[in-house]
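# What the coordinates show
Spelled out, the chains give:
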Amino acid sequence: MTRPLVVILMGSRSDLEHARAVIRALEELGLDWELRVASAHKVPDHLLDLLRGYEADSRPKVYITIAGRSNALSGMVDGQVLAPVIACPPISEAFGGADIFSSLRMPGGIAPAVVLDPAGAALLAAKILGLCDAAIRERVAALQARGRQRLLADDAEIRALRPAAQGT
Ligand SMILES: Nc1c(C(=O)O)ncn1[C@@H]1O[C@H](COP(=O)(O)O)[C@@H](O)[C@H]1O
């Protein structure tokens, strides 16, 4: 079976640190990825060319779009591809975090999901691609199991503390 692909598109090289966090989580889930730079605002022709290339490729795909400030990228990508799009904008404190609103309201017929946490975006991509791939489902299940075990170990450790030390 062809290996699925996660295409990560970032609007600027300045988003690289955020993209790296997505990539770390994708690799933990054993997913193949490609990272590209393409801005809907600045280089729409380049973006459309790039999407045409990916859409002609028959691998099962999910796109993760990383675009800060005014997020045109995620909506434009979603409108041009058949695969699911997950918008994972980098968080900014500037202007009271108002950038996020440009990722939330889309025109009719345009529906990128929004997941703010980079590891969360990778997990959603894995769950989507896992619908038709048992090996990916198993890796998601293993990740969830590790999370549960960590939480139970934390509880056992905290419980063992004397009450006076529990808050420290
Ligand atoms: N939101 C978009 C788009 C777009 O939506 O097409 N293109 C770039 N950007 C974002 O603007 C921020 C600053 O970009 P510059 O580094 O180009 O000034 C980045 O977070 C980028 O993703």
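Just so we're clear, the structure is a prediction, and the values are computed from it rather than from any experiment. (Residues numbered from 1 in each chain as written. Predicted model: local features only at pLDDT ≥ 70, side-chain atom pairs only at ≥ 80, totals over all residues.)

### Considerations on the sheet that holds strand E1 (residues 5-10)
- Ordered in space as E2-E1-E3-E4-E5, the five strands form an open sheet in which the pairing is parallel. Of all strands in the sheet, those with a lone pairing partner are strand E2 (32-37) and strand E5 (113-114), marking the two edges.
- Two elements, strand E3 (residues 61-66) and strand E4 (residues 85-87), share three bridges in a ladder whose sense is parallel. Bridging from a neighbouring strand, Tyr-63 pairs with Val-85 of E4.
- Its contacts with the sheet put helix H5 (residues 118-130) on E1, E3, E4 and E5, and the angle it makes with E3 is roughly 165°. (Pairing = 2+ DSSP bridges. Helix = DSSP H or I, 4+ residues; strand = E, 2+ residues; numbered from the N terminus. Contact = placed C-beta atoms within 7 Å. Axes fitted to C-alpha atoms, helices over the stretch in contact; angles between N-to-C directions.)

### Structural notes on the UniProt feature "binding site: substrate" (unreviewed entry) in the protein chain
- UniProt annotation of "binding site: substrate" (unreviewed entry) refers to Ser-12, Asp-15, Ser-39, Lys-42, Gly-68 and Ser-70 when read in the numbering used here.
- With respect to the secondary-structure elements, Ser-12 resides in the loop between E1 and helix H1 (16-28).
- Dropping the residues within four chain positions of it, Ser-12 is found in contact with Val-37 and Ser-39.
- Of note, Ser-39 is situated in the loop between E2 and helix H2 (44-56). (UniProt positions renumbered as here; feature names shortened; annotations may be inferred.)

### With respect to the site of the ligand
- Close to the ligand lie 17 residues; Gly-11, Ser-12, Ser-39, Ala-67 and Gly-68 are nearest.
- Class assignment for the residues of the shell around the ligand results in six nonpolar, eight polar and three charged. (Near = placed C-beta within 6 Å. Nonpolar A, V, L, I, M, F, W, Y, C, P; charged D, E, K, R; others polar.)

### A word on the packing of H5 against helix H6 (residues 134-160)
- Axis separation between H5 and H6 bottoms out at 8 Å; the angle between their running directions is 140°. Where H5 crosses over H6, the two elements pack in a sense that is left-handed. For the pair H5 and H6, the contacting residues are Ala-126, Lys-127, Leu-129 and Gly-130 in the first and Ile-136, Arg-137, Arg-139 and Val-140 in the second.
- For the contact of H5 with H6, the class distribution of residues is four nonpolar, one polar and three charged. (Left-handed = near helix turned anticlockwise from the far one by under 90°.)

### A closer look at the packing of H1 against H5
- One can describe the packing of H1 onto H5 by two numbers: an axis separation of 8 Å at closest approach and a directional angle of 45°. The angle between the axes of H1 and H5 places the two elements in the oblique class. By crossing handedness, the relation of H1 to H5 is classed as right-handed. The segment H1 lies against H5, with His-18, Ala-21, Val-22, Ala-25 and Leu-26 engaging Pro-118, Ala-119, Ala-121, Ala-122, Leu-123 and Ala-125.
- Along the lines of polarity and charge, the residues of the contact of H1 with H5 split into ten nonpolar, one polar and no charged. (Parallel < 35°, antiparallel > 145°, perpendicular 65-115°, else oblique.)

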